[in-house]
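Understanding the architecture of this molecule
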Amino acid sequence: MREELLTITGIAGAVLLAWSTATGAHLVFFYAPLTVGAWFLAGAAMVSSLRFLRTKHFQYDSLSVANIEVGLALLGGSLGAGTIWERTISGRWWDWSVPLTSTLACGLLYVGYLILRHAVQEPTQRATFSAIFSIFAFLDIPMVIMAVAWWSQKHPKPLMWAGMTFAGQWPLLVGTTAGILLLALTLITARVRQEESQRELDSLRRTVHAF
Amino acid sequence: MDLLRQIWVVTVKDLRAELRTKEAINASFAFALVILLMFSFAFDPSDDTTREISGGLLWIVFAFAGTLILNRSFARELPNDCLDALIAAPISSSALFLGKAFANFVLVLAVEFMALPVFGVFYNVHWTSQLPELILVMLLGTWALTVIGTIFSALTVNIRLREVMLPMLTYPILVPALMGAMLLTSKLVNGIPIAADTMEWLKILIGFDIVYTAVSLILVETVLVG
């Protein structure tokens, strides 16, 4: 039953996104939910990291890595949408605008998380160190955004959505947001399962080696 | 009172070990000189634009040179299982962390103060014109570098590719602090004092230091013991 549910949510998300694209949704309707979704997943990863440090249950570690990986994918999507949009407004692919610059800086933080995870072999140590790093990284996000915003005051730029009106287009925004959420949910669930199967496999391998 | 004494003992131990061998501090200072020289090839040192970005160059030098010292901080304890002995010693993890952080702070600051006159000469910058404020910024920026560097030095001490991992993890986290230190230093070495518009950067530096010192003190036990 859970398998079917997962397939349905994935297909529903993809259909919603295809519908909004075909209807001609503005890039902002993809950009905004992707960025907000990525911040939200970073927060969710910190909460599950804290839960892991408190309980030492590996399911929280799986949840936190799934959140961060899917969050990074959303962040990549948001950077892609942002640069295309930037190009249409200013004629340049990268104009050091506050949202894009801070998104990139925070994205690099979480790339560090994945590299750290890859470098630690022992499962408990890997989960603990990743959890600690995810707490440090999440606390950095508001400071990075503030710093980039202050830094760009020197050469202010118009807001990316300045002068745009989106009256009557809210169904498209709801459609893309729901589509992205459903897809993210599907990916997170699949990734958590994959992580847990991997852990089970590793533990079986260790048991076999012990004999 | 006991905590202060424990911190002092660890700091003095680390400083004594470093001053006897001078392995990290010499390498770090030589490295700082090399980068300063390399930058002068990349940017025309007598150019006004270079002077405007000089604070940025200086902090890149400090961050790179500082990493060499910070990498050694916990790695030095690996031979003869000294790290296990330190963790088993009847002192709290926070005392161990603060002791090491203070020792690193002194060493990184020493390299910075040795590199500063060289930088002034190479780039023809009057870095002494706002000295008290510059020292304040250097103290705050260096503490940010040291506190993050020390906790991640403890985190990466036992993992593969330790030397690569430390800068990979610390630099992205240090972005807000380094931005503040760079912008303030650029102004100060050009003789512009801290004013209302640059005060925000000082606040972000202080905030960064407080937040990450607190978080590191809370998490250091988990980092060291698991």
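Above this text sits the structure in question.
What counts and what doesn't
Residues numbered from 1 in each chain as written. Chains lettered and ligands numbered in written order. Predicted model: local features only at pLDDT ≥ 70, side-chain atom pairs only at ≥ 80, totals over all residues. Heavy atoms only, no water. Contact = heavy atoms within 4.5 Å. Buried area = accessible area lost by both parts, 1.4 Å probe. Polar contact = N/O pair within 3.5 Å; in protein donor to acceptor, adjacent residues only side chain to side chain. Helix = DSSP H or I, 4+ residues; strand = E, 2+ residues; numbered from the N terminus. Nonpolar A, V, L, I, M, F, W, Y, C, P; charged D, E, K, R; others polar. Buried < 20%, exposed > 50% of the residue type's maximum accessible area, 1.4 Å probe, protein only. Axes fitted to C-alpha atoms, helices over the stretch in contact; angles between N-to-C directions. Parallel < 35°, antiparallel > 145°, perpendicular 65-115°, else oblique. Left-handed = near helix turned anticlockwise from the far one by under 90°. Core = buried A, V, L, I, M, F, W, Y, C linked by side-chain atoms within 4.5 Å. Phe/Tyr/Trp six-rings, centres within 6.5 Å; stacked < 30°, edge-to-face > 60°. Lys NZ or Arg CZ within 6 Å of the ring centre and 35° of its normal.

Moving on, we come to the interface of chain B and chain A. By a widely used convention, the size of an interface equals the accessible area lost when the partners come together. Taken together, the contacts link 27 residues of chain B with 30 residues of chain A. Considering only the surface of chain B that becomes buried against chain A, L155(B), R160(B) and Y212(B) emerge as the three largest contributors, covering 18% of it. For the pair chain B and chain A, the interface holds 3 residue pairs in polar contact (both at pLDDT 80 or more). Contributions of two or more residues to the side of chain B that touches chain A are made by α7 (131-156), α8 (162-189) and α9 (196-225) of chain B. If you tally residues by element for the side of chain B that touches chain A, the top one is α9(B), at 11 residues. Class assignment of the residues belonging to the side of chain B that touches chain A gives a composition of 21 nonpolar, 4 polar and 2 charged.

Turning next to the environment of G56(B). Residue and element names in this part refer to chain B. Within the element layout of this structure, G56 appears in helix α4 (residues 54-75). For the pair formed by G56 and L33, sequence separation is 23 residues and the distance between their alpha carbons is 16 Å. Among all residues touching G56, those that are not within four sequence positions of it are M182 and S186.

Residues and elements named next belong to chain B. Checked against the element boundaries, S93 lands in helix α6 (residues 93-123). The exposure class of S93 is buried, given its relative accessible area of 11%. Side-chain polar atoms of S93 contact the side chain of E221, separated by 3.1 Å. The residues touching S93, leaving out its near neighbours within four places in the chain, are V220, E221, L224 and V225.

The next thing to look at is the packing of α6(B) against α7(B). All names here are of chain B. Relative orientation of the contacting elements α6 and α7 amounts to 135°, with a least axis distance of 9 Å. In this view, α6 runs oblique relative to α7, as classed from their interaxial angle. In the crossing of α6 with α7, the sense of the turn from one axis to the other is right-handed. Between α6 and α7, the residues in contact are F97, L98, K100, A101, F102, N104, F105, V108, L109, E112, F113 and L116 and L134, I135, M138, L139, T142, W143, L145, T146, V147, T150 and I151, respectively.

Soluble globular proteins tend to pack their nonpolar side chains together in the buried interior. Of all hydrophobic cores here, the largest spans 129 residues; its most connected members are Y110(A), L116(A), F136(A), I148(B), F152(B), I173(B) and F208(B). Per-element accounting of this core gives the leading share, 15 residues, to α6(B). Setting aside anything within four residues of it in sequence, one finds L116(A) in contact with F129(A), S130(A), F133(A), L155(B), I159(B), M165(B) and L169(B).

The subject of this paragraph is the packing of aromatic side chains. Evaluated as defined, the whole model comprises 15 aromatic pairs over all chains. Considering the side-chain rings of F52(A) and F58(A), the 5.7 Å spacing of their centres and the 50° angle between planes classify their relative orientation as tilted. A centroid spacing of 5.2 Å and a plane angle of 65° characterise the contact between F136(A) and F152(B), whose relative ring orientation is edge-to-face. Taken together, the residues F136(A) in helix α5 (residues 123-152) and F152(B) in helix α7 connect one chain to another. Take F136(A) and F152(B): they sit in the same class, and that class is buried. Connected via pairs of aromatic rings, a cluster forms that spans F133(A), F136(A), F152(B), F208(B) and Y212(B). A cation over a ring is seen here: K100(B) above F74(B), with NZ or CZ 5.2 Å from the ring centre.

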